[in-house]
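The lines below spell out each chain.
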Amino acid sequence: MTDDGRYAAVRGRDARFDGEFFFAVTTTGIYCRPSCPATTPKRANVRFFTTAAGAQGAGFRACRRCRPDAVPGSAEWNLRADVVGRAMQLIADGIVDREGVSGLAARLGYSTRQVQRQLNAELGAGPIALARSQRSHTARILLQTTDLQASEIAFAAGFTSIRQFNDTIRGIYAATPRELRAARPARSTRFGPVAAPDGSGGVARRLAYRGAYAAAEVFDYLERRAVPGIEEVTGGRGARLYRRTLRLPYGTGIAEVREPAPEPGAGPGADGPGADGPGADGPGAGPARGTVAGQGWLECRLHLSDLRDLTTASQRVRRLFDLDADPYAVEERLGTGPDGPAAGLAGLVAQRPGLRSPGAVDGGELAVRAVLGQQVSVAAGRRLGAALVAAYGEPLERASGGLTHLFPRPAELAEADLTPVGMPTARRAAVRALAGALAGGAVVLDAGADRQAAEEALLELPGIGPWTAGYIRMRALSDPDVLLSNDVAVRAGMRRSGSAPEEADCWRPWRSYAMHHFWAAAAAP
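Source: prediction; values computed, not measured.

Draft legend 1. Fine view of the overall build of the protein chain. In terms of helices and strands, the protein chain carries 22 helices and 13 strands. By residue count, 57% of the 525 residues in the protein chain fall in the buried class. Put simply, of all contacts in the protein chain between residues at least 6 apart along the chain, 70% involve residues at least 24 apart. Summed over all atoms, the accessible surface of the protein chain reaches about 20,400 Å², with 50% contributed by carbon and sulfur.

Draft legend 2. Up close: the packing of aromatic side chains. Summed over all chains, the structure comprises 11 aromatic pairs. Clustering of aromatic rings is evident, with ring pairs tying together Phe17, Phe21 and Phe48. For Arg6, the ring lying beneath its charged end belongs to Phe21, and the centroid distance is 5.9 Å. Seen from the ring of Tyr250, Arg308 lies directly overhead, with NZ or CZ sitting 3.9 Å from the centre.

Draft legend 3. The arrangement of the sheet that holds strand 3 (residues 46–49) in detail. Spatially, 3-1-2-4 is the arrangement adopted by the four strands of the open sheet, whose pairing is mixed. If you trace the sheet from one side to the other, it starts and ends with strand 3 and strand 4 (61–62), each paired once. Across three bridges, strand 1 (residues 22–25) lies against strand 2 (residues 30–32) in antiparallel orientation. Along strand 2, the bridge assignment pairs Val25 with Ile30. Contacts between helix 1 (residues 3–11) and the sheet are confined to strand 1 and strand 3, with strand 3 contributing the most and set at about 105° to the helix.

Draft legend 4. Spotlight on the pattern of salt bridges. Enumeration according to the criterion identifies 37 salt bridges in this entry. With a shortest N-O distance of 2.9 Å, Arg107 and Glu99 are connected by a salt bridge. For Arg107, a relative accessible area of 33% translates into the label partly exposed. Close ionic contact of Asp220 with Arg240 constitutes a salt bridge, the shortest N to O distance being 2.7 Å. Placement of Asp220 in helix 11 (residues 215–225) and of Arg240 in the loop between strand 8 (231–234) and strand 9 (241–247) is noted, with a sequence separation of 20 residues between them. The pair Asp220 / Arg240 is uniform in exposure class, with both members buried. A cluster of three or more residues bridged by salt bridges with shared partners is formed by Asp220, Glu223, Arg237, Arg240 and Glu259.

Draft legend 5. Fine view of the sheet that holds strand 9. With antiparallel pairing, five strands are arranged side by side in an open sheet as 7-11-10-9-8. Either end of the sheet is taken by a strand with one partner, and the two such strands are strand 7 (203–208) and strand 8. Recorded for the sheet is a direction-independent mean angle of 25° between the axes of neighbouring strands. In terms of strand pairing, strand 7 meets strand 11 (residues 297–304) through six bridges, oriented antiparallel. For Ala204, the partnering residue across the bridge sits in strand 11 and is Arg301. Lying on the sheet, helix 12 (residues 310–320) is in contact with strand 7, strand 9, strand 10 (252–258) and strand 11; it crosses strand 11 at an angle near 140°.

Draft legend 6. Structural view of the side chain of Thr138. Of note, Thr138 is situated in helix 7 (residues 127–145). Overall, Thr138 belongs to the buried group, its relative accessible area being 5%. For Thr138, the side chain forms a polar contact with the side chain of Thr311, separated by 2.5 Å. Among residues more than four places away in sequence, those in contact with Thr138 are Ala157, Leu310 and Thr311.

Draft legend 7. Layout of unusual backbone geometry. Between Arg508 and Pro509 the backbone carries a cis peptide bond, its omega angle lying at 0°. Looking at where Pro509 falls in the secondary structure, it is placed in the loop between helix 21 (488–497) and helix 22 (511–523). The phi dihedral of Arg13 is positive, around 50°, even though this residue is not glycine. On the secondary structure map, Arg13 appears in the loop between helix 1 and strand 1.

Draft legend 8. Region of interest: the side chain of Asp18. Position of Asp18 relative to the elements: it lies in the loop between helix 1 and strand 1. Asp18 has contacts with Arg33, Pro34, Ser35, Val71, Pro72 and Arg210, leaving out every residue within four places of it along the chain.

Draft legend 9. Up close: helix 4 (residues 83–92). A large share of helix 4 lies buried, amounting to 10 of its 10 residues. Within helix 4, the full set of buried residues consists of Val83, Val84, Gly85, Arg86, Ala87, Met88, Gln89, Leu90, Ile91 and Ala92.

Draft legend 10. Highlighting the environment of Thr39. Examined against the element boundaries, Thr39 turns out to sit in the loop between strand 2 and strand 3. Accessibility expressed as a relative area gives 73% for Thr39, which makes it exposed. Linking Thr39 and Arg11, residues 28 residues apart in sequence, is a C-alpha distance of 8.9 Å.

Draft legend 11. Expanded view of the environment of Val83. By the element assignment, Val83 lies in helix 4. We classify Val83 as buried; its relative accessible area is 9%. Apart from residues no more than four positions distant in its own chain, Val83 is found in contact with Leu108, Tyr110 and Gln118.

Thresholds, definitions, all that
Residues numbered from 1 in each chain as written. Predicted model: local features only at pLDDT ≥ 70, side-chain atom pairs only at ≥ 80, totals over all residues. Heavy atoms only, no water. Helix = DSSP H or I, 4+ residues; strand = E, 2+ residues; numbered from the N terminus. Buried < 20%, exposed > 50% of the residue type's maximum accessible area, 1.4 Å probe, protein only. Contact = heavy atoms within 4.5 Å. Areas by Shrake-Rupley, 256 points an atom, 1.4 Å probe, with all protein chains shown as cover. Phe/Tyr/Trp six-rings, centres within 6.5 Å; stacked < 30°, edge-to-face > 60°. Lys NZ or Arg CZ within 6 Å of the ring centre and 35° of its normal. Pairing = 2+ DSSP bridges. Axes fitted to C-alpha atoms, helices over the stretch in contact; angles between N-to-C directions. Salt bridge = Lys/Arg side-chain N within 4 Å of Asp/Glu carboxyl O. Polar contact = N/O pair within 3.5 Å; in protein donor to acceptor, adjacent residues only side chain to side chain.

Below you can see the structure in the form of structure tokens.
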């Protein structure tokens, strides 16, 4: 996209590009999101940046009107599998805060100097500046949604000193922490209600997404696969609450995400029966057509044993719900009409706007669940998952509703007998081999992992074939371009839509979304 094209988006206040780039105004010293409602500046006074950190590094402060730090993440980082894309995923997960730039470089397989040079060249900001920008956003959220002391917030957000915290907040927001906190309106903010002074009510987040969001379909997908003990879904369709336990770098947590209300005028559509698919984390019943959420965010509340995990927990929930996706680009490619490259898909895309490809909060957990669910129904896979959690999961200090455990650690499963789970001998061996590879580092499924290397390592393990490896790559590593072309439900969806496997190259780089459309079509009545 050229700078002239970016300026046209700014002039049109085009929210499609929020998070994809930022613009700064040289006469005011402020940077904004493309959809900022303020008066459009003259072209000569505008500079463009790929990241907020780049704008901050150039001396610009965040606009108080459009809050550019609260935009969805860029879909480009999931699309790209190069060092920059992987680095951005790792930084978002908090690696720089926990392990420093050297830890980031080691995970990428590059020297520290190479990583800094590539990030600066492409993004106008190095890893430290990118992490600093992320810390400031976390600090602002805590200032405006909790009554925690500023000193507690500083260290929870990842700052190493109070002075660094104060200087960063003043530099980015042109306000002191006290002034930033005072800006919140009464007991509620645009980011969610203010929590109890002791943090007992959790931290409220509004996790932004762009474009249409097929919330009903996403909650359907997660509800069908929810493993008792670590996940639960309460409430009726259209008003559900998804809850799950989290194992995090500094402690544990519980995430709660509420299904948003349907957009006015969007009917609920059919809630078809849908046949079970090949596993607990296989396609199962494709999502029935539901309502499209239009508010622009999901209400989330995070209950954390250590607030230093706030950034990481938020990012992992974003990956699970695929909130950084670009539905405009997906639909442009897959829904281009009867004469376009994805003619057969156009009707499916029109039926389910904003359909997402859910990810995972923990790659290792997802991989084990995928193996558990091989060649059984979704319901049977859930039962196996529940048995595994009950036998080998780590009990919470205090149960919360139906949430009683954390998912077992790979090291424990690698040595476990697994007989209580009730699986065939070969399946138990496959789970142990996978768990051992995860524990030993032979298979890496963390955010920012090398997707191709991960898939190749998975295929070397007993009991894991192309379908399972591809499915893990799609969900655990948020790959938007996976197509399991031999999947029975995918083939059925292709036939229903008039599509053919030979057209698959036309669906790149969004074949994971095409596959979800095919699964949905196959399950529709």
